[in-house]
Amino acid sequence: MAARYEYKALELREKYAGRRLSGDKLEKVLNEHAAQGWQLKFLTRAGGSGLNNLRIFVTFERPVD
């Protein structure tokens, strides 16, 4: 039987991370989800040229029982 998975997608913006999306803040988000069994699947940067438009899309995956 093939494994089944569920997915969760987040959009991180600067306001979500307290005006600046630092590595420490991103690491905190990733570790919080990992503690719930989520594994990082994709991380994609999107937005314009300025930091105010920066968005990061994070997709997590975990097996479904």
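Values in this document were obtained by computation on a predicted structure and should not be read as measured data. (Residues numbered from 1 in each chain as written. Predicted model: local features only at pLDDT ≥ 70, side-chain atom pairs only at ≥ 80, totals over all residues. Heavy atoms only, no water.)

Chemist: I'm lost on the sheet that holds strand β2 (residues 39-46) in this one. Help?
Modeler: Hydrogen bonds between backbone groups are what pair the strands of a sheet, and the pairing can be parallel or antiparallel. Strand order in the open sheet formed by three strands is β1-β3-β2, with antiparallel pairing between adjacent strands. One side of each edge strand has no neighbouring strand; the edge strands of this open sheet are β1 (5-13) and β2. Along the sheet, successive strands turn relative to each other by an average axial angle of 15°, direction set aside. Taken together, the seven bridges between β2 and strand β3 (residues 55-63) define a ladder with antiparallel strand orientation. Bridging from a neighbouring strand, Gln39 pairs with Glu61 of β3. In this fold helix α1 (residues 23-34) packs onto β1, β2 and β3, with an angle of close to 160° to the strand it touches most, β1. (Pairing = 2+ DSSP bridges. Helix = DSSP H or I, 4+ residues; strand = E, 2+ residues; numbered from the N terminus. Axes fitted to C-alpha atoms, helices over the stretch in contact; angles between N-to-C directions. Contact = heavy atoms within 4.5 Å.)

Chemist: Can you walk me through α1 in this structure?
Modeler: Each α-helix turn comprises 3.6 residues. Residues three or four places apart therefore point the same way. The first and last C-alpha atoms of α1 sit 16 Å apart over twelve residues, in line with the 16 Å expected at 1.5 Å per residue. All of the buried residues along α1 are Leu26, Val29 and His33. In an axial view of α1, the angular spread of the buried residues amounts to 60°, which keeps them on one side of the axis. Exposed side of α1, more than 90 degrees from the buried face: Gly23, Asp24 and Lys28 are the residues found there. For α1, the elements touching its buried residues are β1, β2 and β3. (Expected span 1.5 Å × (residues − 1). Buried < 20%, exposed > 50% of the residue type's maximum accessible area, 1.4 Å probe, protein only. Arc of directions from axis to C-beta.)

Chemist: Whenever I open this one, the side chain of His33 confuses me. Can you help?
Modeler: As for its placement among the helices and strands, His33 is situated in helix α1. Looking at His33, its side chain comes within polar contact range of the side chain of Lys8, at 3.4 Å. The residues contacting His33, other than those within four sequence positions of it, are Lys8, Leu10, Trp38 and Phe60. (Polar contact = N/O pair within 3.5 Å; in protein donor to acceptor, adjacent residues only side chain to side chain.)

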